[in-house]
Amino acid sequence: MHQTESWGSYMQPRTSLGDPLERIARLASENAVVIFSISSCCMCHAIKRLFCGMGVNPTVYELDEDPRGKEMERALMRLLGGSSAVPVVFIGGKLVGAMDRVMASHINGSLVPLLKEAGALWL
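Reading the values: the criteria
Residues numbered from 1 in each chain as written. Predicted model: local features only at pLDDT ≥ 70, side-chain atom pairs only at ≥ 80, totals over all residues. Heavy atoms only, no water. UniProt positions renumbered as here; feature names shortened; annotations may be inferred. Patch = residues over 30% accessible without salt bridge, like charges linked within 9 Å, V, L, I, M, F, W, Y side chains within 5 Å. Areas by Shrake-Rupley, 256 points an atom, 1.4 Å probe, with all protein chains shown as cover. Salt bridge = Lys/Arg side-chain N within 4 Å of Asp/Glu carboxyl O. Helix = DSSP H or I, 4+ residues; strand = E, 2+ residues; numbered from the N terminus. Buried < 20%, exposed > 50% of the residue type's maximum accessible area, 1.4 Å probe, protein only. Disulfide = S-S within 2.5 Å. pLDDT = per-residue confidence, 0-100. Contact = heavy atoms within 4.5 Å. Pairing = 2+ DSSP bridges. Right-handed = clockwise from strand over helix to strand, strands pointing away.

Where an unreviewed UniProt entry is consulted, the chain appears under the name Glutaredoxin domain-containing protein, with the organism given as Salix brachista. Listed in UniProt under the heading Sequence similarities (unreviewed entry), the comment for the chain reads: "Belongs to the glutaredoxin family. CC-type subfamily."

Structure (structure tokens):
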């Protein structure tokens, strides 16, 4: 499920030179829901299934398939304060967080309004 467009077509991830945090911010702001993932990560798979099950089509960046993925992974770890780097979810260009934050938002009912506000969900 590697995609860089919300329409589901496959596109090579664009690479830019510069700060990995800037690249993350740019990629995160280009689509309503963006997940930074690693293709073999079970938690990443679970978070992708959660969004797809809700009718959301997230844009997924598989860091293990990106030539600069390791440095982006390190930048995400710094952004999250040293916890596991993936999965990391951005909604509407804003950091939601890792699996624990996304699940807490889902359970407390704040995830759906975030998705609606970002234009990712119309229910």
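Peer 1: Please clarify how a nonpolar patch on the surface should be interpreted in this entry.
Peer 2: A surface patch of nonpolar side chains, about 220 Å² in accessible area, is lined by Leu21, Leu79 and Leu95. Here Leu95 shows up in strand S4 (residues 94-97). Judged by its relative accessible area of 38%, Leu95 falls in the partly exposed class.

Peer 1: Help me out: how do you make sense of the state of the cysteines in this one?
Peer 2: Chemically, a disulfide is nothing more than a covalent bond linking the sulfur atoms of two cysteines. Scanning the model with the defined rule gives zero disulfides in all. Of all cysteine sulfurs in the structure, the one in Cys41 sits closest to Cys42, which takes part in no disulfide; the separation is 5.6 Å.

Peer 1: Help me understand the confidence of the model for the chain in this model?
Peer 2: Keep in mind that low pLDDT regions are not for reading the predicted coordinates in detail. Mean pLDDT over the chain works out to 87, with 85% of the residues at or above the 70 mark. A low-confidence stretch, residues 1-16 (pLDDT under 50), is modelled with 41 contacts involving residues beyond four sequence positions or located in other chains.

Peer 1: Explain the pairing of strand S1 (residues 33-37) to me, please; I cannot follow it from the model alone.
Peer 2: Walk down a regular strand and you will see the side chains alternate between the two sheet faces. The buried count for S1 comes to five of five residues, which makes it a mostly enclosed element. Of the two faces of S1, the one carrying Val33, Ile35 and Ser37 and the one carrying Val34 and Phe36 are both buried. For S1 and strand S2 (residues 59-62), the ladder comprises four bridges, and the chain directions are parallel. Bridging from a neighbouring strand, Ser37 pairs with Glu62 of S2. As a crossover connection, the stretch from S1 through helix H2 (residues 42-53) into S2 is right-handed.

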